[in-house]
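Architecture and fold: a report
Here is what each chain is made of, one letter per residue.
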Amino acid sequence: MTPTITIPKRLTNGDELVIIRRQEYEELQKHLAEIKDVLFKIQQGEKELRSGKTRTVKSLRELRH
């Protein structure tokens, strides 16, 4: 990972800014989108579990029937 540059608050009117390479930024954005998608799917699964839309199976063979 490349070094990160921090711009002091006194130069940015109170906001502390960080400069990173575009590639790193895009990777972080992609990772964030994946995490949001996973969290949404977990939330949907929990909602369906609470509402009784899921079923419990003891083996994968039961899913075929």
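One structure accompanies this document, and this report is about it. Here the structure is a predicted model, which is why all the values come from computation and not from measurement.

Summing up its helical and strand segments, the protein chain has one helix and two strands in all. From first element to last, N terminus to C terminus, the protein chain shows the α and β order β-β-α. Expected size for 65 residues packed as a compact globule is a radius of gyration near 11 Å; at 22 Å, the protein chain overshoots this value by more than 25%. Oriented by its inertia axes, the alpha-carbon framework of the protein chain measures out at about 65 × 25 × 15 Å. Considering the protein chain as a whole, with its 65 residues, one finds that 3% of them fall into the buried category. About 6600 Å² of surface is accessible on the protein chain, with carbon and sulfur atoms providing 55% of the total.

So, about the side chain of Thr 12. As for its placement among the helices and strands, Thr 12 is situated in the loop between strand S1 (5-7) and strand S2 (17-19). Contact partners of Thr 12, with chain neighbours within four places excluded, come to Ile 7 and Leu 17.

Turning next to the environment of Val 57. The topology assignment puts Val 57 in the segment after helix H1 (22-50). What makes Val 57 partly exposed here is its relative accessible area of 30%. The sequence separation of Val 57 and Leu 32 amounts to 25 residues, and the corresponding C-alpha distance is 33 Å. Filtering out sequence-adjacent residues up to four positions away, Val 57 remains in contact with Glu 62 and Leu 63.

In this section: unusual backbone geometry. With a phi close to 60°, Asn 13 is a non-glycine residue in the positive phi region. Its place among the elements puts Asn 13 in the loop between S1 and S2. Residue Asn 13 is classed as exposed on the basis of its relative accessible area of 78%.

It is worth spelling out the pattern of salt bridges at this point. A complete count under the given rule lists three salt bridges for this structure. Glu 24 is the salt-bridge partner of Arg 21, the closest N and O atoms lying 3.8 Å from each other. The exposure class assigned to Arg 21 is partly exposed, which follows from its relative accessible area of 38%. The shortest N-O distance in the salt bridge between Arg 22 and Glu 26 comes to 3.9 Å. With Arg 22 and Glu 26 both in helix H1, this residue pair falls four residues apart, about one helical turn. Residue Arg 22 is classed as exposed on the basis of its relative accessible area, which comes to 63%. Note on Glu 26: relative accessible area 44%, which makes it partly exposed.

What counts and how
Residues numbered from 1 in each chain as written. Predicted model: local features only at pLDDT ≥ 70, side-chain atom pairs only at ≥ 80, totals over all residues. Heavy atoms only, no water. Helix = DSSP H or I, 4+ residues; strand = E, 2+ residues; numbered from the N terminus. Rg over C-alpha atoms; globule rule 2.2 N^0.38 Å. Buried < 20%, exposed > 50% of the residue type's maximum accessible area, 1.4 Å probe, protein only. Areas by Shrake-Rupley, 256 points an atom, 1.4 Å probe, with all protein chains shown as cover. Contact = heavy atoms within 4.5 Å. Salt bridge = Lys/Arg side-chain N within 4 Å of Asp/Glu carboxyl O.

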